[in-house]
Amino acid sequence: MPDSALPLPHSTTPVTWHILGAGSMGMLWATRLTRAGLPVKLILRNAERLQAYEAAQGLTLIEDEDAQQWAIRAQIPETDEPIQRLLVACKAYDAEQAVAQIAGRLTVNAELILLQNGLGSQQAVAALVPQARCLFASSTEGAFRDGDWRVVFAGRGHTWLGDTGQAPAPAWLEELQRSGIAHEWSPNILSRLWRKLALNCAINPLTVLHDCRNGGLQAHTAEVQTLCTELASLLEHCGQPEAAVDLGLEVLRVIQATANNYSSMHQDVAQRRRTEISYLLGYACEAAQRRQFEVPHLQQLHQRLTRHLQQRGLPCH
Ligand code: NAP
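Notes on the structure follow. These figures come from a predicted structure and were not determined experimentally. Along each chain, the written sequence defines residue order, and numbers are assigned to residues from 1. Residues qualify for local features only when their pLDDT is at least 70, as the model is predicted, and side-chain atom pairs are given and counted only at 80 or more; totals for whole chains, interfaces and linings, by contrast, use all residues. Side-chain numbers here rest on the full set of heavy atoms in the structure, without hydrogens or water.

1. A word on the side chain of S263
In step 1: Only DSSP runs of H or I reaching four residues or more are called helices, and only runs of E reaching two or more are called strands; each is numbered from the N terminus. Residue placement: S263 occurs in the loop between α9 (247–257) and α10 (264–270).
In step 2: What makes two residues a contact is simply this: any of their non-hydrogen atoms within 4.5 Å. With residues up to four places along the chain from it excluded, the contact list for S263 reads N204, T207 and N214.

So, in structure tokens, the structure goes:
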């Protein structure tokens, strides 16, 4: 058949990216997708936040000291408009409630991308919307807000996405490629999330308790290694042996490579923000308890951290 006789591909309207939560990660994704010409809509907390956003006239992405503003459309959760693709960019402790607010808007073939750190919130969201396909993501990108509706792209990284149901990669990954969002499809995303959770558990709480940068843990390597040994046994016990391989070595490497940085949990405590403790150390301790597996050092660390947060008047869950 000559080329001219080939049927023309259907011109399909691209699916809108609804983004729930315009914090650091939500803004980082929204601005890059918009820059690539893709349709994006932000879902903000309430009418008050929407009004503040409209007054600011858009989101500003600061990348390599260059600031650019993007006028992205925004709405409130109660808007009467179907959602086919949703990026959940809230903190782990807000994700379930935020998704519950928009659950009635999800189409039958809806897909959710869950960006939350740690574990536990993803499973809670997936149980809430069983009709939707939930993809879990793990990202090493770094971003922070330097003002309302402004995000600084602080650290280039990579995002792994995957499906616990072993379904194939979605075709829209190409849109991430086009948007310059470095990513990879992960056939075992749970293993990746467990590995990151273990790294977080070995480093972050101790940086809070010793009030130090990551490099400060070089003075506490025995304590770090004891935790790594226990975490590695827990991972194996939870059916995640791959995530346990050379955990102690990687933790030491991360401590060295990020010696000058303050961990995200240290930053949260220093800025008197709620931490994601329940989805990191809390999740690890609960997973151990469910399997009647002894993790005395992790449990003691959890208790010390909980006390530390309570003494500072911060939420400890
Ligand atoms: P963030 O800056 O605190 O942003 C969270 C956003 O969610 C806030 O803008 C918040 O709104 C919004 N939100 C909460 N409940 C909502 C609701 N019901 N409806 C609408 N919006 C709602 O947090 P983040 O740093 O982007 O982190 C998000 C997740 O990504 C976390 O699990 C984090 O661990 C993970 N992560 C972050 C980074 C990073 O570098 N930032 C890197 C990797 C992974 P308000 O603005 O109104 O409070």
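2. Some details on helix α11 (residues 281–290)
In step 1: By the criterion of burial, α11 is predominantly enclosed, with seven of the 10 residues buried.
In step 2: Three exposure classes are used, based on accessible area relative to the maximum for each residue type with a 1.4 Å probe and protein chains only: buried under 20%, partly exposed in between, and exposed over 50%. Of all the residues in α11, the buried ones are L281, G282, Y283, A284, C285, A287 and A288.
In step 3: Looking at the buried side of α11, the elements it contacts are α4 (121–128), α6 (189–209), α7 (221–237) and α12 (296–311).
In step 4: At the exit of α11 stands Q292, carrying a positive phi of roughly 50°.

3. Remarks on the pairing of strand β11 (residues 159–162)
In step 1: Where burial is concerned, the two faces of β11 agree: the one with T159 and L161 and the one with W160 and G162 are both buried.
In step 2: The rule for pairing is simple: two strands pair if DSSP sees at least two bridges between them. Alignment of strand β8 (residues 133–139) against β11, held across four bridges, turns out to be antiparallel. When the bridges of β11 are listed, S139 appears paired with T159.
In step 3: Summarising the sheet, β11 and strand β12 (residues 183–185) pair through three bridges and their orientation is parallel. Bridge assignment links W160 to a residue of β12, and that residue is E184.
In step 4: Here is how to tell: hold the view so the strands point away, follow the path from the first strand over the helix to the second, and if it runs clockwise the crossover is right-handed. Following the chain from β11 across helix α5 (residues 173–178) to the adjacent parallel β12, one finds a crossover that is right-handed.

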